[in-house]
Amino acid sequence: EDQVTQSPEALRLQEGESSSLNCSYTVSGLRGLFWYRQDPGKGPEFLFTLYSAGEEKEKERLKATLTKKESFLHITAPKPEDSATYLCAVLPSGTYKYIFGTGTRLKVLA
Amino acid sequence: EADIYQTPRYLVIGTGKKITLECSQTMGHDKMYWYQQDPGMELHLIHYSYGVNSTEKGDLSSESTVSRIRTEHFPLTLESARPSHTSQYLCASSERGRGEAFFGQGTRLTVV
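Here's what I pulled together on the structure shown here.

The rules we used
- Residues numbered from 1 in each chain as written.
- Chains lettered and ligands numbered in written order.
- Predicted model: local features only at pLDDT ≥ 70, side-chain atom pairs only at ≥ 80, totals over all residues.
- Heavy atoms only, no water.
- Core = buried A, V, L, I, M, F, W, Y, C linked by side-chain atoms within 4.5 Å.
- Buried < 20%, exposed > 50% of the residue type's maximum accessible area, 1.4 Å probe, protein only.
- Helix = DSSP H or I, 4+ residues; strand = E, 2+ residues; numbered from the N terminus.
- Phe/Tyr/Trp six-rings, centres within 6.5 Å; stacked < 30°, edge-to-face > 60°.
- Lys NZ or Arg CZ within 6 Å of the ring centre and 35° of its normal.
- Disulfide = S-S within 2.5 Å.
- Pairing = 2+ DSSP bridges.
- Axes fitted to C-alpha atoms, helices over the stretch in contact; angles between N-to-C directions.
- Salt bridge = Lys/Arg side-chain N within 4 Å of Asp/Glu carboxyl O.

Notes on the nonpolar core
Thinking step 1. Ranked by internal contacts, the top residues of the largest apolar core, which has 23 residues, are Leu33, Trp35, Leu73 and Tyr86 of chain A.
Thinking step 2. Elements that contribute at least two residues to this core include exactly strand S2 (10-14), strand S3 (19-26), strand S4 (30-38), strand S5 (45-50), strand S7 (62-66), strand S8 (70-75), strand S9 (84-92) and strand S11 (104-109) of chain A.
Thinking step 3. In terms of residues, this core owes the most to one element, S9 of chain A, which gives four residues.
Thinking step 4. With 18 residues, the next largest nonpolar core counts Ile4, Val66, Leu76 and Ala81 of chain B among its residues.

Structure follows, in C-alpha cells:
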C-alpha cells in the first residue's frame, strides 16, 4: 500500500538552530515527491518538487533532498517566520491522486 | 505564483441549508481536487477531476457533490449542511505532466 510518513510530528527550534524534517514513503513507482508549507487557516504553499533519487532543490534557508525511500527538508539557520506546518506528498506512477503525510509542525523561537 | 481562488473564505450557515463552495483557476490546469482538512489534521481527498465532465469520489466518504462543466471551474455543493460538515475545504489544481498541485486559500465552513 502506498503511504507517506513524516517525522517528527512537531519540532521546536531556537532561531539559528539548523535541523531536518523527514518524509519516508512507500510507493510502487514514484512520479514525484512534493514539499509544501502550510500556515494556520491557509492552503498549502508549494515549495519543491523532486523526481529522482539524488536530486536536490534549494530555496532560501530550505533544501530538499531525495533518496529511494525518503526525503529530507533541511532548514538552515531558521527564523521565527519559518514557523509553519511542512507537508510532504507523493504522486505514485499511474495516478494523479496525491498521498499526503500528516506534516511536521515547526516552531522557531526568537 | 498560483492563480487558484476559493470563495467564500469563511462561511457560517444553519443546518439544512444548501451551500456551494466555489473554486476557480486561471492556469488552464486539467486536474482539480477538493480536500477536507480539520485543524491540525491531515488532508483528505473528497473529490477529483481529470478534466471537463470527469469527476470521481475521493478516499474520504463525503455527502458533497461536484461538477466540472468548464476547465477553470470546480464547485462543490452540499445539498443539506450538517454540523458534521464543519471543516476547512481546500481546492487544488495541477497540470498534466508537471506533478505539483497548487492550492487555494481554503473555505472555512461552520454549520450551526
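Following the structure, the description resumes.
Some details on the packing of aromatic side chains
Thinking step 1. This structure, assessed with the given rule, holds 13 aromatic pairs over all chains.
Thinking step 2. Ring geometry for Phe34 of chain A versus Tyr98 of chain A: centroids 5.6 Å apart, planes at 70 degrees, classification edge-to-face. Within this pair, whereas Phe34 of chain A is found in strand S4, its partner Tyr98 of chain A is found in the loop between S9 and strand S10 (99-100), the two being separated by 64 residues in sequence. Here the two residues Phe34 of chain A and Tyr98 of chain A agree in accessibility, since each one is buried.
Thinking step 3. Relative to Phe46 of chain A, the ring of Tyr36 of chain A has its centre 5.9 Å away and its plane inclined at 70 degrees; by these criteria the two rings are edge-to-face. Note that Tyr36 of chain A is positioned in strand S4 and Phe46 of chain A in strand S5, a separation of ten residues in sequence.
Thinking step 4. Just above the ring of Tyr96 of chain A sits the side chain of Arg31 of chain A; from NZ or CZ to the centre is 4.2 Å.
Thinking step 5. Here the basic side chain of Arg68 of chain B rests over the ring of Phe74 of chain B, its NZ or CZ set 5.9 Å away from the ring centre.

Comments concerning the state of the cysteines
All names here are of chain A.
Thinking step 1. Evaluated as defined, the whole model comprises two disulfides over all chains.
Thinking step 2. Disulfide partner of Cys23: Cys88, at an S-S distance of 1.9 Å. Here Cys23 and Cys88 share a disulfide; its torsion about the S-S bond, -60 degrees, makes the bridge left-handed. With Cys23 in strand S3 and Cys88 in strand S9, this pair connects stretches of sequence that are 65 residues apart.
Thinking step 3. Among the residues examined, Cys23 registers a relative accessible area of 0% and is labelled buried.

What about the sheet that holds S7 of chain A?
Residue and element names in this part refer to chain A.
Thinking step 1. Strand order in this open sheet of five strands is S1-S3-S8-S7-S6, and the pairing throughout is antiparallel. Where the open sheet ends on each side, the last strands, each with one partner, are strand S1 (3-7) and strand S6 (56-59). Direction aside, neighbouring strands of the sheet carry axes that sit 15 degrees apart on average.

Some words on the pattern of salt bridges
Thinking step 1. Inspection of the entire model under this criterion finds nine salt bridges over all chains.
Thinking step 2. Where Lys97 of chain A meets Asp59 of chain B, a salt bridge forms, and the shortest distance between an N and an O atom there is 3.1 Å. Placement of the pair is Lys97 of chain A in the loop between S9 and S10 and Asp59 of chain B in the loop between strand S6 (54-57) and strand S7 (65-66), with the two residues belonging to separate chains.
Thinking step 3. Taking the relative accessible area as the measure of exposure, Asp59 of chain B reaches 61% and is therefore exposed.

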